[in-house]
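A look at the structure
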Amino acid sequence: MEYCHRLSWSPSDAPPVELPEGVQREFLTSPGGVLELLTSHVFSEGGEVEEKPPLLFIHGGFESAFDFTNYLQFFSSHGYSCYAVSLRGHGASYKLGYLSMFWTCKSLELSHGGSQYSFALDVVLAIAHIRSKHSKDVIIMGHSSGGGLSQYILDRNMEKLGGLVTLAAVPGFGSMGVYVNWVKLDPWFPIRIYFKHFGHPRSPLSSTSLVHNALFSRAFPVESVREVERTMPEYESMRWTVGMMTRFVSAERVVRNILPTLKGGRRVLVVGGGEDKLMSRGIMERLAAWYRIAWESIRGEGEEGVEEDSAEVVRFGVVEGSGHHVMKDTMWNVGAEMVLEWLEGR
């Protein structure tokens with residue numbers, strides 16, 4: 001029988017989900033409340049070691065730090081200290097009422113760009129915490145809207161980072177094409193959201209079949225989709241998604257704020273899912289090309305890296321057989337290996 005989620009206008013009161021082996025939960029204090037930070041570290045007999053840059057994972061809409069547990073375990077097993085933050089209103093971070101979450105900004109934050117800026121403050125707080133523990137530059141990896149937020153942070157000069165990985169991410173040139181794809185996939189999308197669910201943000205993901213069809217490959221088990229649904233917040237920020245529908249960053253500014261940390265001058269890795277129906281292969285290819293053109297336009301500004309090839313500075317890869325949730329779908333390990341090769345210069 002098809003499961004349809006009962007839409008709620010109040011935050012969930014469910015306890016934090018149980019974590020897999022090797023993943024720990026801690027909390028950061030922010031002006032609005034506590035933020036959940038999941039971690040997975042590298043240890044040796046002499047204690048924690050730091051030989052590689054720390055990794056920070058940023059989730060997308062209707063997600064949380066928990067969606068990166070596969071990646072936390074995988075990359076820590078390869079010598080990387082890993083962190084995943086749950087943005088306000090997500091996971092075990094502090095809850096927001098429906099209208100507060102819908103707009104996701106205070107009056108001061110609104111003047112800086114609304115919800116993107118609000119969520120960016122949460123990420124910057126996590127980066128500051130990581131910097132207090134590590135000497136090397138943080139490499140950020142963002143999925144979907146979290147990938148768009150990662151680009152936003154670099155564009156606004158809020159941080160300089162050691163590398164950027166976009167995982168089936170909202171492209172910096174705007175997500176209008178993504179929503180066109182979603183309506184093609186689900187023609188009842190606009191009718192359902194306005195005439196049945198009265199504008200509720202979770203309407204496009206209000207049943208197991210809708211979640212499966214939009215976010216995962218056909219091979220991903222239905223019972224696993226149900227597990228994912230249980231960790232989704234009851235509602236999402238609409239300002240966050242709407243604010244990214246048109247171009248919201250400068251590709252040149254993003255590339256400039258990525259420090260030459262990795263071998264070969266690698267700065268950006270664009271990863272797409274072969275069965276992603278939202279962030280289609282064409283959109284992801286265009287995102288990689290967009291950043292390569294940006295690199296070509298600025299490559300002569302400094303002495304370092306003038307000879308670096310744009311295809312190496314901005315790499316592109318597709319996880320064949322994966323849907324939108326490249327870090328949770330059946331082929332997640334193939335994508336993780338792709339990122340590992342990029343990190344280690346292979």
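Residues numbered from 1 in each chain as written. Predicted model: local features only at pLDDT ≥ 70, side-chain atom pairs only at ≥ 80, totals over all residues. Heavy atoms only, no water.

1. Here we look at the confidence of the model for the protein chain
Going by this rule: A score from 0 to 100, pLDDT tells how confident the predictor is in each residue. The contact criterion used is simple: two residues touch if any of their non-hydrogen atoms lie within 4.5 Å.
Taken residue by residue, the protein chain gives an average pLDDT of 90. The fraction at 70 or more is 91%. Between residues 106-113, whose pLDDT stays under 50, and residues either more than four places distant or in other chains, the model counts 12 contacts.

2. Notes on helix α1 (residues 69-76)
How we decide: Three exposure classes are used, based on accessible area relative to the maximum for each residue type with a 1.4 Å probe and protein chains only: buried under 20%, partly exposed in between, and exposed over 50%. Going along the chain from the N terminus, every DSSP run of H or I of four or more residues is numbered as a helix, and every run of E of two or more is numbered as a strand.
The element α1 is extensively covered by neighbouring structure, given that 6 of its 8 residues are classed as buried. Taken together, the buried positions of α1 are occupied by T69, Y71, L72, F74, F75 and S76. At its buried positions, α1 is contacted by β2 (34-40), β5 (55-58), β6 (82-85), β8 (163-167) and α14 (332-343).

3. Describing the layout of surface pockets
Here is the rule: Cavity: a set of points on a 1 Å grid over the protein atoms alone where a 1.4 Å probe fits but cannot get out. Pocket: an open set with protein on both sides within 12 Å along at least five of seven lines, its lining residues, like those of a cavity, having an atom within 4 Å of a point. Grid points are joined across faces, edges and corners, and a volume is the space filled by probe spheres set on the points. The nonpolar class holds Ala, Val, Leu, Ile, Met, Phe, Trp, Tyr, Cys and Pro. Asp, Glu, Lys and Arg form the charged class, and all remaining residues, Gly among them, are polar.
For the largest pocket, the calculated volume is near 570 Å³. Along the wall of the largest pocket there are 29 residues; nearest its centre are Y179, W182, F189, P204 and T241. The leading source of residues in the lining of the largest pocket is helix α6 (residues 176-185), at 5 residues. Here the residues of the lining of the largest pocket sort into 20 nonpolar, 7 polar and 2 charged. Considered as a void within the structure, the second largest pocket measures approximately 480 Å³ in volume. Looking at the second largest pocket, it is lined by 28 residues, and the ones nearest its centre are S12, K95, R230, T231 and M232. Its residues assigned to classes, the lining of the second largest pocket comprises 13 nonpolar, 7 polar and 8 charged.

4. So, the packing of α1 against α14
The condition that has to hold: Axis definition: a line fitted to C-alpha atoms, over the contacting stretch in the case of helices. Angles run 0 to 180 degrees between N-to-C directions. Comment on the angle field: the value is read as roughly parallel under 35 degrees, roughly antiparallel over 145, roughly perpendicular from 65 to 115, and oblique elsewhere. Helix crossings are classified by the rotation of the near helix relative to the far one: an anticlockwise turn of less than a right angle makes the crossing left-handed, while a clockwise turn makes it right-handed.
α14 packs onto α1 with a crossing angle of 45 degrees between their chain directions and a minimal axis gap of 11 Å. It follows from the interaxial angle that α1 and α14 lie oblique. Relative to α14, α1 is oriented so that their crossing is right-handed. Of the residues in α14, those touching α1 at N70, Y71, F74 and F75 are W332, G335, A336, E337, V339, L340 and L343.

5. Quick notes on the sheet that holds β2
Heads up, the rule is: Pairing between strands is defined by DSSP: at least two bridges between them are needed.
With mixed pairing, the 8 strands of this open sheet are ordered in space as β1-β2-β6-β5-β7-β8-β9-β10. Since the sheet does not close on itself, it has two edges, and those belong to β1 (24-29) and β10 (314-319), each with one partner. Sheet twist, expressed as the average angle between the axes of neighbouring strands with direction ignored, equals 20 degrees. Bridge count for strand β7 (residues 139-143) against β8 is 5 bridges, and the pairing is parallel. Residue pairing across strands places M141 opposite V165, the latter belonging to β8.

6. Re α6
Applicable threshold: Directions drawn from the helix axis to the C-beta atoms are what define this arc.
All buried positions along α6 are accounted for by V178, N181 and W182. One side of α6 carries all its buried residues, which in axial view fall inside an arc of 100 degrees. Elements in contact with the buried residues of α6: α7 (189-196), α8 (208-215) and α12 (281-298).

7. With respect to the packing of aromatic side chains
Just so we agree on the cut-off: Aromatic contacts are taken between Phe, Tyr and Trp rings whose centres are within 6.5 Å, Trp giving its six-membered ring; a plane angle under 30 degrees counts as stacked, one over 60 as edge-to-face, and the others as tilted. For a ring to carry a charge above it, either NZ of a lysine or CZ of an arginine must fall within 6 Å of the ring centroid while also lying within 35 degrees of the normal to the ring plane.
All told, the structure shown has 17 aromatic pairs when counted by the stated rule. An angle of 5 degrees between the planes, with centres 4.2 Å apart, marks the rings of F216 and F220 as stacked. By the burial criterion, F216 is buried, and F220 matches it. Every member of this aromatic cluster is reached through a ring pair, and the members are F57, F68, Y71, F74, F75 and W332. One Lys or Arg, R286, reaches over the ring of F173 and ends 3.8 Å from the middle of that ring.

8. Digging into the pairing of strand β9 (residues 268-273)
Judged by how many residues are buried, β9 sits mostly within the fold: 6 of 6 residues are covered. Here β9 shows two buried faces, one formed by V268, V270 and G272 and the other by L269, V271 and G273. Here β8 pairs with β9 via 4 bridges, running parallel. Considered in β9, the bridge of V165 is made with L269.

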